[in-house]
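Chain by chain, the residues run as shown.
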Amino acid sequence: MARARIDDAAGRVAVRAALAALAGGTPASRDIRAQAVRYTLQLLAEQAEGNTLEVRVPPFGAVQCVAGPRHTRGTPPNVIETDAATWLALATGALPWADGLASGAIHASGARADLNGHVPVLPQP
């Protein structure tokens, strides 16, 4: 059964609210952060269709994306994992992919674990 799609208007509101809270030095509510992360992951999956790479933002969500060899069982060979604040910065263009990797805020494993060219998914919300 497919997940319900997050409405674009609601998703953009959640992203703006989450970013505003982070800019103010406090995290947004868990519900706002969850909605913002899930919405931007949804956009990534729609814009980079495929099953080669798994992007995880615990505890809020994970998606498979990027065209290439399909992963079907066990631990995926290509995984990217990060926290919600880092993911939202990547997803909106506030943090370049290379800078996130260099800082250690993003954990990427596997030969295809690269989102360069796939982020931002929602520039300047």
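Higher on the page you've got the structure.
These notes cover the structure that comes with them. (Residues numbered from 1 in each chain as written. Predicted model: local features only at pLDDT ≥ 70, side-chain atom pairs only at ≥ 80, totals over all residues. Heavy atoms only, no water.)

What follows concerns the pairing of strand β3 (residues 79–82). Taken together, the 3 bridges between strand β1 (residues 53–57) and β3 define a ladder with parallel strand orientation. Across the sheet, R56 pairs through a bridge with E81, a residue of β3. (Pairing = 2+ DSSP bridges. Helix = DSSP H or I, 4+ residues; strand = E, 2+ residues; numbered from the N terminus.)

This part covers the side chain of Q42. Structurally, the position occupied by Q42 is in helix α2 (residues 30–47). Take Q42: its relative accessible area is 12%, and that puts it in the buried class. In this structure, Q42 is in contact with A4, R5 and I6, ignoring residues within four places of it in sequence. (Buried < 20%, exposed > 50% of the residue type's maximum accessible area, 1.4 Å probe, protein only. Contact = heavy atoms within 4.5 Å.)

Take the layout of surface pockets next. When its volume is computed, the largest pocket comes out at roughly 330 Å³. In terms of lining residues, the largest pocket is bounded by 15 residues, among which R3, A4, R38, Q42 and V63 are the most central. Those elements that provide at least two residues to the lining of the largest pocket are α2 and β2 (61–65). The biggest single contributor to the lining of the largest pocket is α2, with 6 residues. (1 Å grid on protein atoms, 1.4 Å probe; cavity = no way out; pocket = protein on both sides within 12 Å on 5 of 7 lines; lining within 4 Å. Points joined across faces, edges and corners; volume = space filled by probe spheres on them.)

Here we come to the packing of helix α1 (residues 8–23) against α2. A pair of packed helices is captured by two measures, namely the crossing angle of their axes and the spacing between those axes. Interaxial distance between α1 and α2 falls to 8 Å at its minimum, and their mutual angle equals 125 degrees. As far as their axial angle goes, α2 and α1 are oblique. Both α1 and α2 take part in a crossing whose hand is left-handed. Contacts from D8, A10, G11, R12, A14, V15, A17 and A18 in α1 reach I32, Q35, A36, Y39, T40 and L43 in α2. Its residues assigned to classes, the contact of α1 with α2 comprises 9 nonpolar, 3 polar and 2 charged. (Axes fitted to C-alpha atoms, helices over the stretch in contact; angles between N-to-C directions. Parallel < 35°, antiparallel > 145°, perpendicular 65-115°, else oblique. Left-handed = near helix turned anticlockwise from the far one by under 90°. Nonpolar A, V, L, I, M, F, W, Y, C, P; charged D, E, K, R; others polar.)

Running from N to C, α1 and helix α3 (residues 84–92) point in directions that differ by 120 degrees, and their axes come no closer than 11 Å. The orientation of α1 with respect to α3, classified from their angle, is oblique. The crossing of α1 and α3 is left-handed. Between α1 and α3, the contacting residues are V15, A18, L19 and L22 on the first element and A85, L88 and T92 on the second. Split into classes, the residues belonging to the contact of α1 with α3 amount to 6 nonpolar, 1 polar and no charged.

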